[in-house]
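# Remarks on the overall topology
Now for the letters of each chain:
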Amino acid sequence: MSTSSCVPPLDRGIGIILLAAGRGTRFGGDKLSRDLRGKPLWNWAALAAEKAGFSQRYLVCRPDSSLCPRAGWEAVINHHADEGMGSSIAAGVAAAAPKCERLVIALADMPLVEPGHFRDLARLRGTVFTRYDDGAEGPPAAFPKKAFAALQTLTGERGARHLDLGETDMLIPANGHMLADVDTPAALDALSR
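Now for a look at the structure at hand. (Residues numbered from 1 in each chain as written. Predicted model: local features only at pLDDT ≥ 70, side-chain atom pairs only at ≥ 80, totals over all residues. Heavy atoms only, no water.)

### Things to note about the side chain of Gln56
The topology assignment puts Gln56 in strand S4 (residues 56–61). A distance of 3.2 Å separates the side chain of Gln56 from the side chain of Tyr58, its partner in a polar contact. When neighbours within four sequence positions are excluded, Gln56 is seen to be in contact with Arg12, Ile14, Gly15, Ile16, Lys99 and Cys100. (Helix = DSSP H or I, 4+ residues; strand = E, 2+ residues; numbered from the N terminus. Polar contact = N/O pair within 3.5 Å; in protein donor to acceptor, adjacent residues only side chain to side chain. Contact = heavy atoms within 4.5 Å.)

### With respect to the pairing of strand S6 (residues 102–107)
With 6 of 6 residues buried, S6 lies mostly within the body of the structure. Burial along S6 is two-sided: Arg102, Val104 and Ala106 facing one way and Leu103, Ile105 and Leu107 facing the other are all buried. Pairing geometry for strand S1 (residues 14–20) and S6, over 6 bridges, is parallel. Pairing of Ile14 across the sheet is with Arg102, part of S6. Relative to strand S8 (residues 137–144), S6 runs antiparallel, the two sharing 4 bridges. Of the residues in S8, the one forming a bridge with Arg102 is Pro144. (Buried < 20%, exposed > 50% of the residue type's maximum accessible area, 1.4 Å probe, protein only. Pairing = 2+ DSSP bridges.)

### Re the environment of Ala21
Within the secondary structure, Ala21 is located in the loop between S1 and strand S2 (35–36). With residues up to four places along the chain from it excluded, the contact list for Ala21 reads Val60, Cys61, Arg62, Ala81 and Ser88.

### Comments concerning the pattern of salt bridges
Side-chain pairing between opposite charges can occur once the charged atoms of the two side chains come close. For the structure on display, the rule yields 2 salt bridges. A salt bridge links Arg62 to Asp64; the nearest nitrogen and oxygen atoms lie 3.3 Å apart. On the basis of relative accessible area, Asp64 is assigned to the exposed category, the value being 58%. The class for Arg62 is buried, based on a relative accessible area of 15%. Each of Arg62, Asp64 and Asp82 takes part in salt bridges that share partners, so that together they form one network. (Salt bridge = Lys/Arg side-chain N within 4 Å of Asp/Glu carboxyl O.)

### Digging into the packing of helix H1 (residues 41–52) against helix H3 (residues 115–123)
Viewed as axis vectors pointing N to C, H1 and H3 meet at an angle of 60°, and their least axial separation amounts to 8 Å. When the axes of H1 and H3 are compared, the pair comes out oblique. Relative to H3, the crossing made by H1 is right-handed. On H3, the residues that touch Ala45, Ala48, Ala49, Lys51 and Ala52 of H1 are Pro115, Phe118 and Arg119. Of the residues contributing to the contact of H1 with H3, the split by class is 6 nonpolar, no polar and 2 charged. (Axes fitted to C-alpha atoms, helices over the stretch in contact; angles between N-to-C directions. Parallel < 35°, antiparallel > 145°, perpendicular 65-115°, else oblique. Left-handed = near helix turned anticlockwise from the far one by under 90°. Nonpolar A, V, L, I, M, F, W, Y, C, P; charged D, E, K, R; others polar.)

### Here's the deal with unusual backbone geometry
Glycine aside, residues mostly have negative phi, and peptide bonds are mostly found in the trans state. Cis geometry is adopted by the peptide bond preceding Pro140, which originates at Pro139 and carries an omega value of -5°. In this structure, Pro140 sits in strand S8.

### Digging into the nonpolar core
With 57 residues, the main nonpolar core has Ile17, Leu18, Phe54, Phe118, Phe143 and Leu151 as its most contacted residues. Sorting elements by how many residues they give to this core places H1 first, with 7 residues. Apart from the residues lying within four places of it in its own chain, the contact partners of Leu18 are Trp42, Ala45, Ala46, Tyr58, Leu59, Val60, Trp73, Ala106, Leu107 and Ala108. (Core = buried A, V, L, I, M, F, W, Y, C linked by side-chain atoms within 4.5 Å.)

### Things to note about the pairing of strand S7 (residues 127–131)
The buried fraction of S7 amounts to 4 of the 5 residues, a majority that puts the element mostly inside the structure. Relative to S8, S7 runs antiparallel, the two being bridged by 4 bridges. Its bridge partner lying in S8, Arg131 is registered against Glu137. Where S7 hands over to S8, the hairpin turn is made up of 5 residues, of which Gly135 adopts a positive phi near 90°.

Here it is, written out as structure tokens:
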């Protein structure tokens with residue numbers, strides 16, 4: 001297990017799903033393998049999850065993905081990736097549900113999310129979304145087992161915030177910069193500086 005020695009591992013029933021099955025259309029192709037400060041872009045989110053103490057880790061990829069999962073990550077192939085993010089959430093939850101009581105779902109193109117934010121999401125109860133500076137809610141987010149069945153019904157581009165999952169607690173991030181995601185080459189260049 002590759003977690004920081006000073007951070008205790010999270011309960012084994014808490015897993016993380018890293019969504020990495022997008023087409024990267026706005027980027028112009030495979031963005032997750034692109035270099036960001038000496039590492040492939042997706043490795044930043046994976047490392048943060050490892051440092052947060054997750055032992056159950058799932059990487060949702062396209063069937064033709066060039067990503068090679070890091071040690072300790074289970075690859076989940078989404079054969080319906082072209083349908084959108086909802087299908088990736090559904091595939092990841094289906095793979096993780098037998099072993100997990102709680103899941104954190106994050107995006108592989110958000111390299112600045114801090115391990116502490118992942119831990120906070122993991123340790124809170126109920127459904128928890130990250131609150132953005134504009135007041136919107138979005139990923140990363142965390143869900144209890146009672147939400148797993150609904151999450152597995154997602155299709156297309158609909159994400160979890162479109163579901164009726166009952167009461168939601170909001171988590172306000174310590175700093176807004178960590179919510180930057182890489183959708184374009186310009187966004188990657190900005191983070192590289």
